[in-house]
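# Commentary on secondary and tertiary structure
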Amino acid sequence: MNKHTDTADNSTETTLRGLLDSCVASRDSRHEDWDTLGFQAKAGDEFRRAQIRYIGSGATGNHEGDDRILGAGHFTFSNMRLPAGAIGPEHTHHDAEEVFFVLEGELEVTVHDTEDGTRTASRVLGYRDLVRVPAGVPRSLRNIGTTDALFCVVIGAAKPQLPSYPPTSAMHGITRD
């Protein structure tokens, strides 16, 4: 039960409500954007995934025209939907750390060595598990479950640079157009 206990005058109450309204991004106002990373499906259908933006655009490009996104001050926050068996390709964020927090499903998260990308270490993450990958470390992920995985993605910059795809990545050489 919500109790409304405003003790301020009407102008302060209006200001506070406006502030709060400008800081809320409801689930109902979000949509799954399968197109922003759609270019990755050029490497195969297993790379198809959806981004659901809340704060900033992540490192997926320019979405400044999307008025549903809250402005990013110090980080970006989105959800990612990864179908069963799908892969988030090996990529590197050189300017910011990235966090994955699992809401549904099971993800295998892999970090790759920075020398040639052939040596890796992997961990399986499930419900409410989290991993933080430092800037400059190549990473990839795979949905190892039988249902879609849904997870939060936080990138530690208000406007992250587009990631790079090392030669060992299936995305290496694939363009966004």
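Residues numbered from 1 in each chain as written. Predicted model: local features only at pLDDT ≥ 70, side-chain atom pairs only at ≥ 80, totals over all residues. Heavy atoms only, no water.

### Description of the sheet that holds strand β5 (residues 107-112)
In plain terms, the rule: For two strands to pair, DSSP has to find at least two bridges joining them. The secondary structure listing takes helices from DSSP runs of H or I that are at least 4 residues long and strands from runs of E that are at least 2 residues long, numbered from the N terminus. Working convention: axes come from line fits to C-alpha atoms, limited for helices to the stretch in contact. Angles between N-to-C directions cover 0 to 180 degrees.
A sheet is described by the order of its strands in space; here four strands give the open sequence β3-β8-β5-β6, paired in antiparallel fashion. Two strands in the sheet have a free side with no partner beyond their single neighbour: β3 (87-91) and β6 (120-125). Neighbour to neighbour, the strand axes of the sheet diverge by 15 degrees on average, direction disregarded. In terms of strand pairing, β5 meets strand β8 (residues 139-143) through five bridges, oriented antiparallel. Its bridge partner lying in β8, E108 is registered against R142.

### Considering the nonpolar core
Convention followed: Only buried Ala, Val, Leu, Ile, Met, Phe, Trp, Tyr and Cys residues count toward a nonpolar core, and they belong to the same one when joined by side-chain atoms within 4.5 Å. Throughout, exposure labels follow a simple rule: accessible area from a 1.4 Å probe, protein chains only, divided by the maximum for the residue type, with under 20% read as buried, over 50% as exposed, and the rest as partly exposed. Any pair of residues with heavy atoms lying within 4.5 Å of one another is described as a contacting pair.
In this structure, L82, F100, L107, L141, F151 and V153 are the most contacted members of the largest nonpolar core, which totals 22 residues. Secondary structure elements with two or more residues in this core: β2 (76-82), β4 (98-104), β5 and β9 (149-155). Take this core: its biggest share by element is four residues, from β9. What L141 contacts, discounting residues up to four positions off in sequence, is L82, A86, I87, G88, F100, L107, E108, V109 and F151. The next biggest cluster of nonpolar side chains, apart from the first, holds six residues, and it includes A25, I52, Y54 and L70.

### Concerning empty space enclosed by the protein
The cut-off we apply is this: Lining residues are defined by having an atom within 4 Å of a point belonging to a cavity or pocket. Those points lie on a 1 Å grid over the protein atoms alone, cavities being sets where a 1.4 Å probe fits but cannot get out and pockets being open sets with protein on both sides within 12 Å along at least five of seven lines. Grid points are joined across faces, edges and corners, and a volume is the space filled by probe spheres set on the points. Amino acids outside the nonpolar list (Ala, Val, Leu, Ile, Met, Phe, Trp, Tyr, Cys, Pro) and the charged list (Asp, Glu, Lys, Arg) are all regarded as polar, and Gly is one of them.
One pass over the full model with this rule turns up two cavities of 30 Å³ or more. Reported here for the largest cavity is a volume of approximately 220 Å³. Along the wall of the largest cavity there are 22 residues; nearest its centre are R49, M80, H91, H93 and E98. Residue assignment for the lining of the largest cavity shows that the elements contributing at least two residues are β2, β3, β4 and β9. Tallied by class, the residues present in the lining of the largest cavity amount to ten nonpolar, nine polar and three charged. Volume-wise, the second largest cavity comes out at about 50 Å³. As for the second largest cavity, its lining consists of S29, R30, H31, D33, Q51, I52, R53, D66, R68 and I69. Residue composition of the lining of the second largest cavity, grouped by class: two nonpolar, three polar and five charged.

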